[in-house]
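Chains, contacts and geometry: an overview
For reference, the chains in residue letters:
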Amino acid sequence: MKISFSTCLNGSFYCSFCVDFVQEQDRVTISFEDGESISSDAVVAADGINSIFRRKVSAGFHSKVCRLSVDSVSCSSHHYTARQERHAGTCWRAVISDHEIVIDDLVATETWGPSGRFGIVPLAGGKIYWFACVKAKARDSRIAKYSIPDLHSIFRDFHRRIPQIIQTTDHESLIHNDILDIKPIQQYAFGRIVLLGDAAHATTPNLGQGAGQTMEDAYVLARCLDAAGDPVMAFKEYERKRLGRTRKIIKMSNQIGRIAQLENKGLILLRNFVLSKSLLQRA
């Protein structure tokens with residue numbers, strides 16, 4: 001996957017596609033699709049779940065990790081095990097505006113059933129955002145061709161507003177994507193390269209934390225850079241502060257998705273019983 005980068009070059013923005021990079025003791029050199037190369041003191045890699053930086057540093061790349069003391073710099077080479085993105089089902093999304101469907105405009109809902117789950121989110125101006133998730137194989141070409149009638153068939157036995165919302169949706173407005181995350185990794189800082197956002201900790205959308213965790217990353221990283229001055233030390237401190245929280249969110253979000261999309265009737269009954277007991281205790 002090509003990654004788009006913007007970086008300052010002589011006071012202006014330079015935009016191209018990153019195709020490779022080399023980390024040395026005192027710099028990182030990034031190569032672009034158009035043949036240009038740029039060297040930098042450090043790189044903040046925020047290039048998404050398909051991060052070229054994460055894939056290279058975690059797939060057999062010998063990254064020179066430098067450790068700074070008061071009067072010296074020592075570098076050692078480390079080998080990292082490849083980690084792959086994880087598939088967690090597939091999802092359709094859309095927004096409808098011209099409708100007569102009555103919903104509570106202050107409450108978002110998610111309905112779980114053995115065939116999938118369906119979310120309804122009220123928007124300003126009477127619009128409705130909805131999403132529908134089902135279990136599926138990765139990059140399933142058959143499911144990728146599903147249309148409104150196919151989705152209606154899957155969710156027709158859900159409460160009446162759900163098939164109404166689906167039937168009101170234009171096929172052209174449907175957005176379809178597989179749901180992905182990455183298995184939690186052990187490291188975000190690799191010498192003068194640091195991973196941020198989905199490049200470091202892409203998560204499924206079940207907790208609604210993807211963008212929020214990226215903003216937390218940016219805030220913490222800025223504070224670390226301000227305090228440490230040196231990027232290598234700042235990146236390691238950022239990693240120390242962010243690893244635990246982001247790993248927890250990836251795990252929790254993945255578990256919620258698995259629980260929400262159970263298909264076994266016995267397990268569904270058990271899940272519903274446990275959740276109802278928990279809700280009653282909180283009431």
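All values reported here derive from a predicted model rather than from experimental measurement.

Summing up its helical and strand segments, the protein chain has eight helices and 14 strands in all. Every one of the 283 residues in the protein chain was classed for burial, and the buried ones make up 39%. Residue pairs at least 24 apart in sequence account for 60% of intrachain contacts in the protein chain once pairs closer than 6 positions are excluded. Accessible area for the protein chain stands at about 16300 Å²; split by element, carbon and sulfur atoms hold 53% of it.

Across the sheet, three strands lie side by side as 5-14-13; this open sheet has mixed pairing. This sheet does not close on itself; its edge strands, each paired only once, are strand 5 (43-45) and strand 13 (189-190). Strand contacts of helix 7 (residues 231-260): strand 5, strand 13 and strand 14 (193-195), with the helix running at about 20 degrees to strand 14, the strand carrying the most contacts.

Within the secondary structure layout, Asp34 lies in the loop between strand 3 (28-32) and strand 4 (37-40). Using a relative accessible area of 46% as the deciding quantity, one classes Asp34 as partly exposed. Put simply, Asp34 and Phe17 are 17 residues apart on the chain and 7.7 Å apart in space, counted from C-alpha to C-alpha. For Asp34, the side chain forms a polar contact with the main-chain nitrogen of Glu36, separated by 3.0 Å.

Here we come to the packing of helix 3 (residues 148-155) against helix 4 (residues 161-168). Here helix 3 crosses helix 4 at 175 degrees, and the two axes come no closer than 9 Å. Here helix 4 runs roughly antiparallel to helix 3, going by the angle between their axes. For the pair helix 3 and helix 4, contact is made by Ile148, Leu151, His152 and Phe155 and by Ile162, Pro163, Ile166 and Gln167, respectively. Residues that form the contact of helix 3 with helix 4 fall into these classes: six nonpolar, two polar and no charged.

Below, the discussion takes up a nonpolar patch on the surface. Taken together, Leu267, Leu270, Phe273 and Val274 make up a surface patch of nonpolar side chains, about 390 Å² in accessible area. Position of Phe273 among the secondary structure elements: in helix 8 (residues 265-282).

Let us now look at the pairing of strand 4. For strand 3 and strand 4, the ladder comprises four bridges, and the chain directions are antiparallel. Following the sheet pairing, Val28 is matched in strand 4 by Ser40. Hairpin geometry of strand 3 and strand 4 is characterised by an intervening segment of four residues between the two adjacent antiparallel strands and by a positive phi of about 95 degrees at Gly35.

With 30 residues, helix 7 extends 41 Å from end C-alpha to end C-alpha; this agrees with the ideal 44 Å at 1.5 Å per step. Maximal helix bending in helix 7 amounts to about 40 degrees, located at Arg242. Capping the start of helix 7 is the job of one residue whose side-chain oxygen sits 3.0 Å from the backbone nitrogen of Val232: Asp230.

Ranked by size, the top nonpolar core spans 27 residues in total, and within it Phe21, Ile30, Val43, Phe53, Leu195 and Tyr238 carry the most contacts. Listed by contribution, the elements that provide at least two residues to this core are strand 2 (12-23), strand 3, strand 5, helix 1 (52-57), strand 13, strand 14, helix 6 (210-228) and helix 7. The element contributing the most residues to this core is helix 7, with four residues. One finds Ala132, Ile143, Ile165 and Ile166 within the second-largest nonpolar core, a separate group that totals 20 residues.

Cut-offs used in this document
- Here the residue index of a chain counts from 1 through its sequence in written order.
- Note on the predicted model: pLDDT of at least 70 is required for a residue's local features to be given, and 80 or more for side-chain atom pairs to be given and counted; whole-chain, interface and lining totals, by contrast, use all residues.
- The side-chain numbers reported here are obtained from all heavy atoms of the structure, hydrogens and water having been left aside.
- Strands here are runs of E lasting at least two residues and helices are runs of H or I lasting at least four, both read from the DSSP assignment and numbered beginning at the N terminus.
- Buried means the residue's accessible area, taken with a 1.4 Å probe over protein chains only, is under 20% of the maximum for its type, while exposed means over 50%, and partly exposed covers the values in between.
- Contact between two residues is taken to exist if any of their heavy atoms lie within 4.5 Å; hydrogens are not considered.
- The Shrake-Rupley method, run with a 1.4 Å probe sphere, supplies the accessible areas, and residue values consider only the shown protein chains as cover.
- In this description, strands pair whenever DSSP reports at least two bridges between them.
- To define axes, lines are fitted to C-alpha atoms, for helices over the stretch in contact only, and angles between the resulting N-to-C directions are given on a 0 to 180 degree scale.
- Here a polar contact is taken to be a pair of N or O atoms separated by no more than 3.5 Å, where protein atoms must pair a possible hydrogen donor with a possible acceptor and residues adjacent in sequence count only if both atoms sit in side chains.
- Just so you know how the angles are binned, under 35 degrees is roughly parallel, over 145 roughly antiparallel, 65 to 115 roughly perpendicular, and the rest oblique.
- Only Asp, Glu, Lys and Arg are considered charged in this grouping, and only Ala, Val, Leu, Ile, Met, Phe, Trp, Tyr, Cys and Pro are considered nonpolar; every other residue, Gly among them, is considered polar.
- Note on patches: the residues involved have over 30% relative accessible area and no salt bridge, like charges join within 9 Å, and the nonpolar side chains Val, Leu, Ile, Met, Phe, Trp and Tyr join within 5 Å.
- When a carboxyl oxygen of Asp or Glu is within 4 Å of a side-chain nitrogen of Lys or Arg, the pair counts as a salt bridge.
- Here a helix's expected span is defined as the number of its residues, less one, multiplied by 1.5 Å.
- Two axes enter the bend calculation: one fitted to the seven residues ending at the residue in question, the other to the seven starting there, and the bend is the angle between them.
- Grouping buried Ala, Val, Leu, Ile, Met, Phe, Trp, Tyr and Cys residues that are joined through side-chain atoms within 4.5 Å yields what is termed a nonpolar core.

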